[in-house]
Amino acid sequence: MVTRFVSRNLGLKCLAISLILFSTAETNSVHAAARRGAPRAGTVVDPASVTQVTVEIGAGKKKTQVISCVNSVPGFVKPSKGAQKFTSYAQQLKTLKKQSASAAQIGLARTLAKLGKTACKESSVPSTPMNPNPEQPPSNTPALSLARYTGPFTENEARILFGRFAFGASEARIQEAVADGLDTTITKLTTYQSDDALTGAILDIECDTYLAGDKNNNPTACTANNMNSFSRDGMRLGLNYRILNSPNRYFNKLLTFLHDERLATGSSAARDEEKYAVRDHMGLLLRAAASGDYMQYMRDWNDDLLGHLRWLDGASNKGTSPNENYAREFWELGTVGPTDLDGNPVYTDVDLAQSALAFSGWTLVRVEERDGLGAVYNRIVKAFSTALHAPGVFTIFAGTPYAAQVTNQEEVLQATFRHPRVAEHLAEDIWKEFVNPFPTKEKIRELAQLIRDNNYKLHPVMRKVMGSNAVYAAESRKSLVKHPMDLMFGFMAQFPEFKVPHWNTPLHGFDYNMSRLGQRLLSPPTVFGWDEKRLAGEAFVLDWRNVAVEMLGQWNFNKDYQYDVKAQMVNGVTSSLDAIQKYAKRLNVELTNEQVAQLDQFMNFQYRVCKDWRLNEDECKGGAPFYLEREAFDASPLNKNAWTSDYKVLGVIAALMMMPDYRMK
Amino acid sequence: MTTNFARRKLLKNASALTCGGLLHSAFRPVNNWFAWAGPGSERAAFSSNPVLIVINMAGGASYNVAPLFDGTYRDKNKVVSYGPEQALAFAADQGIHPSLTGFKTVADMGNLALLNLVGYPNPNRSHDESTDIWFRGVRQGMNSVSGGWAARMTGQLGQMFSGISLAGSNLLIQGDVNPPRAIQSLDSLGEANFLGSDIGALLRLTRDNMMVAHRPPPNSEFGNVKSQMDQVQASLALLKQQTNVTLPTVANPLPQNMSGFQRACRDAATLLAAPALQTKFIYMERGGFDTHSDERARLAGNLTDMNAGITYLVQVAQALGRWNDVMIVTMSEFCRTFENGSRGTDHGHAAPMYIMGGRVAGGQKSPAPTPQQTAERDFYRDHSVDFRQVFYEIVKSMGLNADAIFPEKFSFTSLNLFN
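Residues numbered from 1 in each chain as written. Chains lettered and ligands numbered in written order. Predicted model: local features only at pLDDT ≥ 70, side-chain atom pairs only at ≥ 80, totals over all residues. Heavy atoms only, no water.

### Quick notes on the overall build of chain A
Helix and strand counts for chain A stand at 31 helices and 11 strands. Within chain A, counting contacts between residues at least 6 apart in sequence, those at least 24 apart form 69% of the total. When the accessible surface of chain A is totalled, it reaches about 28300 Å², and 52% of it is carbon and sulfur. (Helix = DSSP H or I, 4+ residues; strand = E, 2+ residues; numbered from the N terminus. Contact = heavy atoms within 4.5 Å. Areas by Shrake-Rupley, 256 points an atom, 1.4 Å probe, with all protein chains shown as cover.)

### Observations concerning the overall build of chain B
Per the secondary structure count, chain B includes 12 helices and 12 strands. Excluding contacts between residues fewer than 6 apart, the proportion of contacts in chain B whose partners are at least 24 apart in sequence is 73%. Taken as a whole, chain B presents about 14000 Å² of accessible surface, with 50% of it coming from carbon and sulfur.

### As for the side chain of Asn209(B)
Within the secondary structure, Asn209(B) is located in helix α6 (residues 197–212). Looking at Asn209(B), its side chain comes within polar contact range of the side chain of Gln598(A), at 3.0 Å. (Polar contact = N/O pair within 3.5 Å; in protein donor to acceptor, adjacent residues only side chain to side chain.)

### Considering the pairing of strand β3 (residues 88–91) of chain B
All names here are of chain B. Of the pairings in the sheet, the one linking β3 to strand β4 (residues 94–96) comprises 3 bridges and is antiparallel in character. Along β4, the bridge assignment pairs Ala91 with Gln94. Between the antiparallel neighbours β3 and β4 lie 2 residues. (Pairing = 2+ DSSP bridges.)

### What to know about the nonpolar core
Counting residues in hydrophobic clusters, the biggest one holds 228 residues, and the most contacted among them are Met569(A) and Met284(B). The contact partners of Met284(B), leaving out residues within four places of it in the chain, are Ile53(B), Val54(B), Ile55(B), Asn56(B), Leu166(B), Ala167(B), Phe261(B), Ala264(B), Cys265(B), Ala268(B) and Leu313(B). (Core = buried A, V, L, I, M, F, W, Y, C linked by side-chain atoms within 4.5 Å. Buried < 20%, exposed > 50% of the residue type's maximum accessible area, 1.4 Å probe, protein only.)

### A look at the pattern of salt bridges
Applying the stated rule across the entire model yields 53 salt bridges over all chains. The salt bridge partner of Glu191(B) is Arg207(B), with a shortest N-O separation of 2.7 Å. In this pair, Glu191(B) sits in the loop between β7 (181–182) and α6 while Arg207(B) sits in helix α6, placing the two residues 16 residues apart along the sequence. Here Asp230(B) and Lys226(B) are joined by a salt bridge, their closest N and O atoms 2.8 Å apart. Placement of both Asp230(B) and Lys226(B) in helix α7 (residues 220–242) is noted, with a separation of 4 residues, approximately one turn of the helix. Judged by its relative accessible area of 8%, Asp230(B) is buried. A relative accessible area of 6% means that Lys226(B) is categorised as buried. By sharing partners, the salt bridges in this structure join Glu155(A), Arg159(A), Glu171(A), Lys585(A) and Arg586(A) into a single network. (Salt bridge = Lys/Arg side-chain N within 4 Å of Asp/Glu carboxyl O.)

### What about the pairing of strand β10 (residues 351–356) of chain B?
On a regular strand, each side chain points to the face opposite its neighbour's, so the side chains alternate between the two faces of the sheet. Residues and elements named next belong to chain B. For β10, the tally of buried residues reaches 6 of 6 residues, placing the bulk of the element in the interior. Because side chains alternate across β10, one face comprises the buried residues Ala351, Met353 and Ile355, and the other comprises Pro352, Tyr354 and Met356, equally buried. Sheet analysis places strand β5 (residues 112–119) next to β10, joined by 5 bridges and oriented antiparallel. Paired with Ala113 across the two strands is Ile355, which belongs to β10. Where strand β9 (residues 326–331) lies against β10, 2 bridges are found, and the strand directions are antiparallel.

### A few points about helix α28 (residues 593–604) of chain A
Over its 12 residues, α28(A) runs 16 Å from end to end, which matches the ideal 16 Å to within 8%, given 1.5 Å per residue. Of all the residues in α28(A), the buried ones are Gln595(A), Gln598(A), Leu599(A), Gln601(A), Phe602(A), Met603(A) and Asn604(A). (Expected span 1.5 Å × (residues − 1).)

### Quick notes on the packing of helix α12 (residues 294–302) of chain A against helix α14 (residues 325–334) of chain A
All names here are of chain A. Their axes nearest at 12 Å, the elements α12 and α14 cross at an angle of 160°. Regarding the angle of α12 to α14, the classification is roughly antiparallel. Crossing hand, α12 versus α14: right-handed. Note on element contacts: α14 touches α12 through Tyr326, Phe330 and Gly334, opposite Tyr294, Met298, Trp301 and Asn302. Partitioned by chemical class, the residues of the contact of α12 with α14 number 5 nonpolar, 2 polar and no charged. (Axes fitted to C-alpha atoms, helices over the stretch in contact; angles between N-to-C directions. Parallel < 35°, antiparallel > 145°, perpendicular 65-115°, else oblique. Left-handed = near helix turned anticlockwise from the far one by under 90°. Nonpolar A, V, L, I, M, F, W, Y, C, P; charged D, E, K, R; others polar.)

### Remarks on the environment of Arg271(A)
Along the chain, the position of Arg271(A) falls in the loop between α10 (249–261) and α11 (276–291). In this structure, the C-alpha to C-alpha distance between Arg271(A) and Arg310(A), residues 39 residues apart in sequence, is 9.1 Å. Not counting the four nearest positions on each side in its chain, Arg271(A) is found in contact with Arg232(A), Arg310(A), Asn122(B) and Gln140(B).

### Here we look at the environment of Ile53(B)
All names here are of chain B. By the secondary structure assignment, Ile53 is in strand β2 (residues 51–57). Sequence separation between Ile53 and Gly95 is 42 residues, and the spatial gap between their C-alpha atoms is 23 Å. Every residue in contact with Ile53, bar those within four places of it in the chain, is listed here: Ile282, Met284, Leu313, Val326, Met327, Ile328 and Val329.

### A short note on unusual backbone geometry
The residue Asp313(A) is not glycine, and still its phi comes out positive at about 65°. Relative to the helices and strands, Asp313(A) resides in the loop between α13 (305–311) and α14.

### Some remarks on the environment of Leu426(A)
Residues and elements named next belong to chain A. Among the secondary structure elements, Leu426 is positioned in helix α17 (residues 421–434). Under the relative-accessibility criterion, Leu426 is labelled buried at 0%. Put simply, Leu426 and Gly337 are 89 residues apart on the chain and 8.8 Å apart in space, counted from C-alpha to C-alpha.

### Here we look at the confidence of the model for chain A
Close inspection of predicted coordinates is inappropriate for parts of the model with low pLDDT. Residues and elements named next belong to chain A. When pLDDT is averaged along chain A, the result is 85, and 85% of the positions lie at 70 or above. The model gives residues 1–39 a pLDDT under 50, and that stretch makes 51 contacts with residues more than four places away or in other chains. In this model residues 125–135 is a low-confidence stretch, pLDDT under 50, and it forms 22 contacts with partners more than four residues away in sequence or in other chains. (pLDDT = per-residue confidence, 0-100.)

### A closer look at the packing of aromatic side chains
Residue and element names in this part refer to chain A. With the rule as written, the count across this model stands at 37 aromatic pairs over all chains. Residues Phe489 and Phe510 carry aromatic rings whose centres are separated by 4.9 Å and whose planes lie at 40° to one another, so their mutual orientation is tilted. Separated by 21 residues along the polypeptide, Phe489 in helix α21 (residues 484–494) and Phe510 in helix α22 (residues 506–516) bring together distant segments of the chain. Accessibility assignment for this pair places Phe489 and Phe510 in one class, buried. Linked through ring pairs, Phe491, Phe495, Phe498, Tyr563 and Tyr583 together constitute an aromatic cluster. We note Lys648 situated over the ring of Phe602; from NZ or CZ to the ring centre the distance is 5.3 Å. (Phe/Tyr/Trp six-rings, centres within 6.5 Å; stacked < 30°, edge-to-face > 60°. Lys NZ or Arg CZ within 6 Å of the ring centre and 35° of its normal.)

### Some details on the confidence of the model for chain B
Residue and element names in this part refer to chain B. Per-residue confidence for chain B gives a mean pLDDT of 86, with 88% of residues at or over 70. Note on residues 1–47: pLDDT under 50 across the span, and 119 contacts to partners over four residues away in sequence or across chains. Per the prediction output, this complex has pTM 0.71; the corresponding ipTM is 0.77.

### Re helix α8 (residues 260–272) of chain B
Each α-helix turn comprises 3.6 residues. Residues three or four places apart therefore point the same way. All names here are of chain B. If you check α8, its first and last C-alpha atoms are 19 Å apart, about what 13 residues at 1.5 Å a residue would give, namely 18 Å. A large share of α8 lies buried, amounting to 11 of its 13 residues. As for α8, its buried residues are in contact with β2, β6 (163–165), β8 (281–286), α9 (295–319) and β9.

Set out below in structure tokens:
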């Protein structure tokens, strides 16, 4: 409301006028609040509803008085019989007058009523008018439970399901899901399908980032039987290619969840002689996503050269000179988390030191091997050395019911997975990634129990989550911020044939744009992975706008790539409103009537600059920099300016993508 | 039929965004696009108003930007190298590329420092990954440090335009607290064009009107995302206002049809002329240095373009009386190998690096590679100066906490870059 008032005013007058309007609005709301909810004298109030303000009174304003505000009404609160009772100064004033109190008492009450009215009103002014909604409290409503969702499964619910668990879906897939119903859709989504057919192409991309047929493809770039002979960038592009083309969209979403939220690792940690470790790590992620076996995932991490030995310094963890980096992140990020649901530490520094000793013993050795051409090349391989391993028995989780004696990393793993925090910590991350950002302790415990009941096998857990009330509840809708990968893979899901403009290839364009948005897979900023809120923050606002505009607005690339905008995006559109509704629905963007009107104007008018040759004197009077000239949208193939209708449809899609609605899932 | 409806909307939006911005500024913390602090609120520790301008020669620039005269090097680089008769004079064993005449002028003033064999441990020869290392400022234990060093730098400064990228967004400027703003250019304020100028303008107008007409955010997460979008728009309006300045006329003006890099230099000069913005970090980029073939012609073309832009920037800084504030530093993700079979060079490692500015103590700050180093392999794998050493010394000279900006330990010996 306030925003709208401000927006109606111009220039320097704006601030003053808007403040007046702001005050008026607030005054009215105070009165309304007073009418609706001002408590009577001595009314019991919830302490949470009371705010306190301090005012200065007396000559020279040297004294201060604390005033309590309830519904913006000033007064005071007194404890009585274990409750808090509120009396307004207005009520007190009436009482004092009835009681013929002294002029000083009446005067003080009058002053406090007057000062308090202003102070309470100011204290109720929201600090961020553009964001009127208070922090959403945790909710325990049935709607946010893990109980089976029994409501209708329409396109809306299908879009939520695919948007959160599968990087989105094409329109055809959404319709198929609606016809199938929720259960069948979940079954289909979580049934692994062979994507071996992609292997050849992925290996080709991993070699030099290009596919056979690309103008820069070099078929001899990689040497056979040389495990380090591939491109690190190609490994990342290959992963992008896999996610774009594999039918296993849920499994690949799970892969990115593990890669991002549960110990993120960067390919740059591997030296040239051990580049193959990047491919090994990719294999680790693919196996974990396919099997859903979380305990095995962490066991594989313990043996991982890239993640454990390089990225987290396991190769420097010697029994005589321990390095605790991996031991710390194994617990903090991979398993139990640093604190429990009540904020109590789960482990101590001594536990960590003991765990690090149990993990010690890994080293790296350079070996010579021969490639397919018979040439010798160096490769660094991991090796376990009992001489470097700390001897003895170590106690972890000491002094807790989960205390354990361990001697090696497998025993640390076993002991850790006996700790209930592993499931709770995992449950927290799953809830915040797939359901909503405000899980309650009760829901975490419930989901954690489900994880334990399934022996840390994630697929049955995820099926339960996918079919739960909590995912489809109104409170959860549009509450999760999309990652750049959600935006990019999601866009490609909507328009499967789309070619991302780039001077190189569309796959490079895809990767380039995701990097612009701050997310390059296999190159996380830290072991904590990416922070989607930061990536949706101010530093990336322009980037996202530009990615949307450039992907859709580079006409030459569309032609070069033979992407047929008309066939893919325009055909079937009958009118401007039809296009707006079609794409708002498809991109899951909720529009107000005013926004629809704006888009309709975009489609039916041309922008004319007053300085150019099309100058229309009437329209440019008064120094207007431009005016709009009506040119009705016409998608008919008979339209001589058919290309303008293509532009307009592309523009509508770009405008929708730039809305905050599109950034949320 | 015509209408002015949209214009009214535009004005309405402008007022909502600018006045909204002013309203917001009363409520927002300092580390925010909205937190506008006027002149005079600068940290007292600064005796001047230093500005670090980083110019990335993207693609991996050849050592021939600072030609080596040693015979071993010349023998290994028969086509692409330059002798003392071709290069601009600088030192007995090393010159300045003949296209960099403006650099030579600065060198003659005693304000150009040249560092040799700049790199980092365990070289990585991938464009992306080596760029990441330069941008992040971390080589080992990269998991412990988030974002780029420039973002950590501007995070300490706290003004909304403390840092500006005139080359889009990248890891260097990504960070959690007050990162540099990626605006691309002052003409576009970061807005990419859509198809044509008219339809692009209409799309921006439509988008801005749609933001004003947006439904109330349904939850706090949504509200935060929308709020950030609104804030950016309002901040850009303020930036436009502040950079509406006329630059002084200089001896070597930029051509009418300036290149993208030259436009970035013009914008950097404009930012120097807008001290109220308190910009202390500017990032620019010039691509095309991945010279696998035909290096000689391509390098000359790239450096001619760069020279025109930087010469103009230097002259404007001098005319504005800000030459002593400016530190212009070139970087590249890696250097290159010696000549290959295509009269080009491939990916290498340790590189030369230029630093210019009124306070810069000129000269060769680290020795040119020896004939033995050149003979050892086909590129300079071993560095003698860690790149972080250079930037560490610079940010420290600006009164910043350099240890927080470059938290990873590395070998450090003062390079005595400044007078």
